[in-house]
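# Results of the structural survey
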Amino acid sequence: MSNRNAFLVFLAGTLASLVLFLALTWDTHQQVAALTNADKLSEQVVAGKRVFEKKNCNECHTILGFGVYYAPDLTRAYARIGAEGIKTVVLHPETVFANSFRKMPNLGLTEQEATDLVAFLEWTNNIDNHDWPPQDRKYTQSPDQRRLQGAGLSPGAAAFKAQCMGCHSIGGQGGSIGPALDQVGAKYDAATIAAYIAAPTTINPNAKMPPQTNVSEADRQAIGEFLAKQK
Amino acid sequence: MQQTTTVRAGGIGMGVRDERLVPYASQRVAYWYFVVALALFVLQLVVGLWLAISYAFTIPQSIVDVLPFGMTRAMHTNLLVLWLLLGFMGGTYYLVPEEAEREIYSVPLAYLQLVAFVGTGVAALVGFAFGWTQGRPILEIPTLLDFVVVIGALIFLFNVGMTVLKGRKTAILGMLLGGLVFLAVLYVFGMPFYRNLTIDWFYWWWVVHLWVEGAWELVTASILAFVLIKVTGVDRKVVEKYLYIETGLFLFTGLAGTGHHYYWIGAPRAWLWVGGIFSAMEVLPIIAMVVDTFHTQRQRGVVIKEKVVWTFALGTAIGHLIGAGVWGFAHTLPQINYYTHGSQVTASHGHLAFFGAYALLNLTMFWYAMPRLRGVTRFKTYPATLGFWVMSLAVLGLGVAMGIAGVLQTYIERVLGQGFMTAQAQMQFWFKVVLFFGVFILVGALITFWHMVTAKQMREEAQESP
């Protein structure tokens, strides 16, 4: 092959790939509004994104899988621990991670900044990204899918798995933001646990857990019955 | 002959210029680019040790509050980018006069540009410590500093462009200049604030991916082609032909291959197909480059006198193949990437690929140019190769340890669906292994760098040659 032909091969390969790349870039711009619910991209969401950047969150956490692998991915943080959970973590990391072997710095967020951040993470949670990450699919499933996941489990165990294990663990499985609940039944009965979930501080004035407003009345009862047996 | 034997090259310094070694006086600006780059590389490694400690052990809340992991991580990656870019620029200033057969257009501009970049780097590092950041990984430096970078880059392109325009035009210079312009243009896409997170990451990769799998490949392939011609004596026409074919393959696979970063960001499904197919082919140009490098040596049957340069050149070819080619291929298909994305598998790939493809490439050029710039024709090769092996094997060990941690994370967190910290607890041992190898990377780097800046001239009758 002559050098001139080699140069033509270089040019043809580069241009072919470039044309394909730019065509798909154009297509991405056409579809991105629908895929990311751009209509819900409010000023508060943008303010939250600015907080996210100002506080350097992405330098420990990943989001959409990008960033740093020192702390959990935040794409589905909203589904995993909810608005109140996010606020508790960012405003009081020293308490939440007191027993964790990896700490989070207290970044000095104001109440308003924390609220904006929640709006940003709520919007992010709804991005249609082909169901990534796999470990958080259980938090974003429809109620029907969740019921199927819980097949073979008691209603309480299934509800616990779907709604509590982001923070709590049993038998070493689950999250470590809240305490392990292996022996919680020795402390509280079913009704108390159900009430605790709705309004933690009414049972334990020092509780750090935010009220779990997304858990239905029926699920709270079921979870209470399941956890009361853990002693 | 008289001149070489009278050269005294002790301590850190440029020594006396030997016109047979360094034909153009302006090539000497490269010296300071290389020395600053080496110093920044050492600093990057030191900060890296702190990051490994943060992964391997519990850092108390009181320390975390004042010295957050994220702040030091930003320093680690920014030092990487800065030293690699300074290395490319120094390498460019060294090779352009020899290729274009004329002095650099303006030496003061070359120094001014170095000051602009180093000043930006220092301001950025100090700024990070005070929370002055854009908060976007790798592209953290604040907008104000972005503009200084742009000005520095424009000075550089102007200076190199004018030199090339007025001098001999070669394929290597064309490819190098093309790569540098492409590199500078892409940087602009990382500067604005994007309201939509998906679009933000989409253009973030225009900088990061199209740099490392596009523009930088052009720059480094040109630098490597220059070194190959010089140390093997292979015909320029042959090297240039391979340069076109390899860079053509790099861009053909690399441009559309950007799609492998768009699988899970909220972009259309077509990227899964295009990203998967094109990035699976990204290993081809690297294989071509390795075959070409070995082939060049074997077919010619030349005895390569510059043993240190050749060790680093083969090291970068093989490191590029392992780190970028094999490790990249291993998790680039969407079916696998769905589980490995955003885990320590990526960190493992990142370390092996940057070291193999870019750190060693820069050091190859440094080892070609530095002894010449210091007026040294023969020197002890042992410390240089010892440093190479300690550093390279330690990086391999570190990459494998991160890879094992990544596979554990993938299985425990992504497949079994257990919590992030549950997985991290199982991975912690491997972060201690990372720290162990990290220490050896620093040791190996210090050995080879110290020798590079202080190696003394040996007498003619001595057995070893450069």
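Computed from a prediction, not measured in an experiment: that's the story for all the values here.

Calculation criteria
- The residue count restarts for each chain, going from 1 along the sequence in the order it is written.
- The naming scheme follows written order: chains are lettered A onward, ligands numbered 1 onward.
- Restriction of local features to residues with pLDDT of at least 70 applies here, the model being predicted, together with a cutoff of 80 or more for giving and counting side-chain atom pairs; totals for whole chains, interfaces and linings are based on all residues.
- Under the scheme used here, helices are H or I runs from DSSP no shorter than 4 residues and strands are E runs no shorter than 2 residues, and both carry numbers assigned from the N terminus.
- Each radius of gyration reported is based on C-alpha atoms, and the globular scaling rule is 2.2 Å times the count of residues to the power 0.38.
- Counts of 20 or more other C-beta atoms within 10 Å of a residue's own C-beta define buried residues, counts of 12 or fewer define exposed ones, and intermediate counts define partly exposed ones; C-beta atoms are placed from the backbone.
- Throughout, a residue-residue contact means that the two C-beta atoms, derived from backbone geometry, are no farther apart than 7 Å.
- Annotation comment: domain bounds sourced from an automatic or database domain assignment.
- Residue type decides the class: Asp, Glu, Lys and Arg count as charged, Ala, Val, Leu, Ile, Met, Phe, Trp, Tyr, Cys and Pro as nonpolar, and the leftover types, Gly among them, as polar.
- One fewer than the residue count of a helix, multiplied by 1.5 Å, yields its expected span.
- To obtain the arc, one takes the directions from the helix axis to the C-beta atoms.
- By our criterion, buried Ala, Val, Leu, Ile, Met, Phe, Trp, Tyr and Cys residues that link up through C-beta atoms within 7 Å make up a nonpolar core.
- Axis angles are defined between N-to-C directions and span 0 to 180 degrees, where every axis is a line fitted to C-alpha atoms and, for a helix, only to the segment in contact.
- When describing relative orientation, an angle under 35 degrees is termed roughly parallel and one over 145 degrees roughly antiparallel, while 65 to 115 degrees is termed roughly perpendicular and anything else oblique.
- In this scheme the handedness of a crossing depends on how the near helix is turned from the far one: anticlockwise by less than a right angle means left-handed, clockwise means right-handed.
- The predictor attaches a confidence to each residue, called pLDDT, with possible values from 0 through 100.

Take the overall build of chain A next. Within chain A, the regular secondary structure consists of eleven helices and four strands. Computed over the C-alpha atoms, the radius of gyration of chain A is 23 Å, more than 25% above the 17 Å expected from 2.2 N^0.38 for a compact globule of 231 residues. Projected onto the principal axes, the alpha-carbon positions of chain A cover approximately 85 × 45 × 35 Å. For chain A, buried positions account for 44% of its 231 residues. Residue pairs in contact within chain A that sit at least 24 positions apart in sequence constitute 60% of those at least 6 positions apart.

Helix and strand content of chain B: 16 helices and zero strands. Relative to the globule expectation of 23 Å for 466 residues, the C-alpha radius of gyration of chain B, 22 Å, shows essentially globular dimensions. For chain B, the spread of C-alpha atoms along the principal axes amounts to about 70 × 45 × 45 Å. Residue burial in chain B is summarised as follows: out of 466 residues, 56% are buried. Here the analysis covers contacts within chain B between residues at least 6 apart in sequence; of these, 82% occur between residues at least 24 apart.

The next thing to look at is the domain arrangement of chain B. Residues and elements named next belong to chain B. Domain boundaries assigned for chain B yield domain 1 (19–168) and domain 2 (342–457). Computed over C-alpha atoms, the centres of domain 1 and domain 2 are 19 Å apart. Tallying the contact residues gives 24 residues for domain 1 and 24 residues for domain 2. Those elements that place two or more of their residues in the side of domain 1 that touches domain 2 are α2 (29–56) and α4 (69–100). If one sorts the elements of the side of domain 1 that touches domain 2 by residue count, α2 sits on top with 16 residues. Of the residues contributing to the side of domain 1 that touches domain 2, the split by class is 20 nonpolar, three polar and one charged.

So, on to helix α2 (residues 43–54) of chain A. What sets the pattern is the α-helix's 3.6 residues per turn: residues three or four places apart point alike. Helix length check: α2 of chain A, at twelve residues, gives a terminal C-alpha distance of 16 Å against a target of 16 Å (1.5 Å per residue), a fit within 8%. Those residues of α2 of chain A not exposed but buried are Val-45, Gly-48, Lys-49, Val-51 and Phe-52 of chain A. All buried residues of α2 of chain A lie within an arc of 160° about the axis, which places them on one face of the element. The elements touched by buried residues of α2 of chain A are α5 (111–125) of chain A together with α8 (197–232) of chain B. The positive-phi residue at the C-terminal boundary of α2 of chain A is Asn-56 of chain A, with phi of around 65°.

Residues Phe-34, Val-227 and Trp-367 of chain B are the most contacted members of the largest nonpolar core, which totals 203 residues. Leave out the neighbours within four places in its chain, and Val-227 of chain B touches Val-309, Ala-313, Thr-364, Met-365 and Tyr-368 of chain B.

Note that the residue after Trp-132 of chain A, namely Pro-133 of chain A, is joined by a cis bond; omega there is 0°. Of note, the phi angle at Leu-64 of chain A is positive, near 55°, even though the residue is not glycine. At Ile-138 of chain B, a residue that is not glycine, the phi angle is positive and equals roughly 70°. With respect to the element layout, Ile-138 of chain B can be found in the loop between α5 (107–129) and α6 (143–166).

Attention now moves to the interface of chain A and chain B. Each partner contributes to the interface: chain A provides 62 residues, whereas chain B provides 60 residues. Here the side of chain A that touches chain B takes 18 residues from helix α1 (residues 3–35) of chain A, the largest share from any one element.

Looking now at the packing of α5 of chain B against α6 of chain B. Residue and element names in this part refer to chain B. Put simply, α5 and α6 touch, their axes get as near as 9 Å, and they point 160° apart. Here α5 lies roughly antiparallel to α6, going by the angle between them. Crossing angle aside, the handedness with which α5 passes α6 is left-handed. Residue-level contacts link Leu-109, Ala-110, Leu-112, Gln-113, Ala-116, Phe-117, Thr-120, Ala-123 and Ala-124 of α5 to Leu-145, Val-148, Val-149, Ile-151, Gly-152, Ile-155, Phe-156 and Asn-159 of α6. Here the residues of the contact of α5 with α6 sort into 13 nonpolar, four polar and no charged.

Turning next to α5 of chain B. Residues and elements named next belong to chain B. With 23 residues, α5 extends 34 Å from end C-alpha to end C-alpha; this agrees with the ideal 33 Å at 1.5 Å per step. In the core, the buried residues of α5 are packed alongside α2, α4 and α6. Among the residues trailing α5, Gly-131 stands out with phi positive, at a value near 75°.

The next subject is the environment of Ala-47 of chain A. Residue and element names in this part refer to chain A. Along the polypeptide, Ala-47 turns up in helix α2. Among the residues examined, Ala-47 registers 17 C-beta atoms within 10 Å and is labelled partly exposed. Along the sequence, Ala-47 and Leu-64 sit 17 residues apart, while their C-alpha atoms lie 19 Å from each other.

Our next topic: the confidence of the model for chain B. Residue and element names in this part refer to chain B. Scored by pLDDT, chain B has a mean of 93; 96% of the residues are at 70 or more. Per-element mean pLDDT across chain B ranges from 40 in helix α1 (residues 2–6) up to 98 in α2. Low pLDDT, under 50, characterises residues 1–9; the predicted model gives this stretch 14 contacts beyond four residues in sequence or across chains. Scored by ipTM, the complex comes to 0.93, with pTM at 0.91.

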